Every structure is written in C-alpha cells, then in structure tokens.
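Analysis of the macromolecular model
Chain by chain, the residues run as shown.
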Amino acid sequence: MPITVERRDAKDVYNLPLFDAYIVIDVRNPEHFASGHIYTALSFTVPPATATEEEQETALVQLAMDLVDNGPEKYGTVVLYGYADGSSEAQLDWVVQRLRQLQESGGAFPRFRSNVRPTAGDLSDADWLRSALNRLCEKLHTHCTQIWLVDQGFEGFAKRFPHMIFQSDTAQVAIPPVYCCEDFLYLGSRAFKPTPAVLTAMGITHIIAADEAAFTPQSFIDAPTTTELGFCYLRCNVPDRNDTDMGACWDATTQFIQDTAQAGGRVLLQLHGRSRSASVAIAFYMDAMGLGCREATAAAAAGLQEGGRGDDLPGPAAEPAQTSVGDVAKFGGCGM
C-alpha cells in the first residue's frame, strides 16, 4: 500500500503518543536540533541540491543506520518536521521521496554502491550497510502507511507543547504520555501519577480530581475547590464504580473548564481512570462547545484509543464506561 503524506496539527503528533517509539525525523540544521528538539526525534541532515547521486545514497545509508541503531518499534506513522517559515520544504520533500522509494522497494533496496560509507562510526562492511538498509526497507514496506508533516514545524509544536521539547542544557522533567483533547484540556489516567514538577512542565494550572487521586491532599475532602502548591483543584466526589451517576458533577466541571480556558489556563482531568474523565470531557464538548453527542464522544474517546492506555483500560479500542457515556448520551438527547 503506497504511503500517504499529509500535514497534521501538532496536537495529532503529540497524541500518537510520541513516547511509543515512533520514527520522528528533524531536518533542521544540527545546531538548532542541539538547542532544542522534540523528544525521541532523530536529527538528519539532508544533502544539498548539488550533491551527487553517490552522496545522496551515502546520506540515505546513514539515515538507515541511525534508525536501525535507535530501534523504533512503530513504523506505521513516520513524523517529519522542519522550520515553521517553510524554508525546509525541500529537505522534507527529499526525505518523503526517499522513504517512499524504500517502502516501495518490496523489502530490499534495489541498488547499492559497494564504496558507500557512513559518515560516522567504524563500519566499513558494505554487506552490513546493505543489511541495515534492507532491514529498514522491509520494515517500511511491511508497516509504514503514512507520513505526517508537522504543521507549523518545530516552532509551532514547541509553542503548544514545551514540555515535549528536549534541551540538553536544561534540567528535564520526565513527562508521561497524557492525551490532549484541546490545548486547554488534558485527559489523565490511572497510570498517570504526576508530581508538581510534571504538572508545571505541562502548563497545568487546574485539576479536576476524585478523592482517590494519588496526588490529591486529604485537605481537599471538605472543600469543592482548593488551591494547593499553585494548582486549583475541583473535587468531584464520584465513586469508581460502573453505576456511578456522573451527571451530578457536569455543571460544575463544565463551568470550571470554561473559566480556566477563558483565563488562559490548562485543565487536567484525573477522575479515577480515563473512563470517568472522558465522560466529563464529553459533557463539556456538548454543553459548552455545542457538539452533538456522537461528535463529542468521538472527540473525547479518541484519547482512549490514541493517547496511550492506562492500567484501567482493557485494550486498544477501549471506550468510556457504558454507564458514563450512556449518561452523557441522555444528557445530550441522543441515542448511542
């Protein structure tokens, strides 16, 4: 199947999730890459337009070696990015065309010059180089179906998701994968146990949490909203059971999210697992943004399918708990 190429919003790229070892290639110059790049990204210098065919093949071999050495696990989607001003379009196109060539080769690179050598490392065995290139061909041929070009490039991604930018001269905070519904709304999970440093790095200012959330202080029990360590919490006293009536908290959660978004803040939904958190997001989409029931469910449920699975989710196609989504369906006057 031929590779499709499309520009995707930075949020889509963030929600792969990136930490699941997707191929991410940065075609900016190495100095800019060193000063900051998307976590898991690989720096690749595209040969100039004046490069000979042999020089271009050498660069391709080097890319194959780097990818084989880094051992990405998922080849279905390849992410490419450059500069936001469009100055790296030629470089992006070069990589797209070469990846297509490799993917369409049928699992074996059709041509290889025995005198091609990598630009780094002590690897002079042409057979080994051919093997690395053929292994990449095979993986792309078997698995790769799409290439995503990050809309607005590195600068656009870094502005919206600064916590996903690695800078070697800055103390880094390990960020677990958390699904981004909107720039102002994130969907937590049972597996996500953030520290204040993580929340700050993510730009989280407000949190909707249940009593049992791991990071909710005991003092919140007697107050519907509380500020602690600089974060504003809305406590929802909802038990972690399938028969829970989520409707009782929707007016408060929707208003809380709306007020936070208007103030330029960012909300984390951390109501037990993703199921109950997703129902709050669905109610918000329907009440505050005017989406229909199915549209709202699709927008929030994508976080259960694409945004990484917490320990509360049974599988890759998990959906919000039937009672929670069913209640939201009644709330919106539509059948599921």
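Residues numbered from 1 in each chain as written. Predicted model: local features only at pLDDT ≥ 70, side-chain atom pairs only at ≥ 80, totals over all residues. Heavy atoms only, no water.

Considering all chains together, one arrives at eight aromatic pairs under this definition. Taking 6.1 Å as the distance between ring centres and 55° as the angle between the ring planes, the aromatic pair formed by Phe-284 and Tyr-285 counts as tilted. Like Phe-284, the residue Tyr-285 is buried in the burial classification. Through pairs of rings, three or more aromatic residues link up here, namely Tyr-14, Phe-157, Phe-161 and Tyr-186. Sitting above the plane of the Trp-148 ring, Arg-8 keeps its charged end 4.1 Å from the centroid. When the ring centre of Phe-154 is taken as reference, the NZ or CZ atom of Arg-28 above it lies at 3.8 Å. (Phe/Tyr/Trp six-rings, centres within 6.5 Å; stacked < 30°, edge-to-face > 60°. Buried < 20%, exposed > 50% of the residue type's maximum accessible area, 1.4 Å probe, protein only. Lys NZ or Arg CZ within 6 Å of the ring centre and 35° of its normal.)

Of the two faces of strand E10 (residues 206-209), both are covered, the one formed by His-206 and Ile-208 as well as the one formed by Ile-207 and Ala-209. Where E10 meets strand E12 (residues 231-235), four bridges bridge the pair, whose relative direction is parallel. Residue Ala-209 lies in a different strand from E12, and its bridge partner there is Arg-235. Bridge count between E10 and strand E13 (residues 267-270): four bridges; the pairing is parallel. Across the sheet, His-206 pairs through a bridge with Val-267, a residue of E13. (Helix = DSSP H or I, 4+ residues; strand = E, 2+ residues; numbered from the N terminus. Pairing = 2+ DSSP bridges.)

What follows covers helix H8 (residues 247-262). Across its 16 residues, H8 extends 23 Å between first and last C-alpha, which sits within 8% of the 22 Å expected from 1.5 Å per residue. Those residues of H8 that sit buried are Cys-249, Trp-250, Thr-253, Thr-254, Phe-256, Ile-257 and Thr-260. Looking one or two places after H8, you find Gly-264, whose phi comes out positive at around 85°. (Expected span 1.5 Å × (residues − 1).)

Another aspect to go through is the nonpolar core. Core analysis: the biggest nonpolar cluster contains 34 residues, and Tyr-14, Phe-157 and Tyr-186 have the highest contact counts within it. Secondary-structure elements contributing two or more residues to this core are helix H1 (10-14), strand E2 (22-26), strand E5 (74-81), strand E6 (146-150), helix H6 (153-160), helix H7 (196-202), E10 and E12. (Core = buried A, V, L, I, M, F, W, Y, C linked by side-chain atoms within 4.5 Å.)

The next subject is the confidence of the model for the chain. A residue-level look at the chain finds 73% of positions with pLDDT of 70 or above and a mean pLDDT of 78. The weakest mean pLDDT in the chain belongs to helix H11 (residues 322-332) at 51; the strongest belongs to E6 at 96. Scored below 50 in pLDDT, residues 213-223 shows 18 contacts in the model against residues more than four places distant or in partner chains. Ignoring residues within four places in sequence, the model shows residues 306-323, a span with pLDDT below 50, making 46 contacts including any to other chains. (pLDDT = per-residue confidence, 0-100. Contact = heavy atoms within 4.5 Å.)

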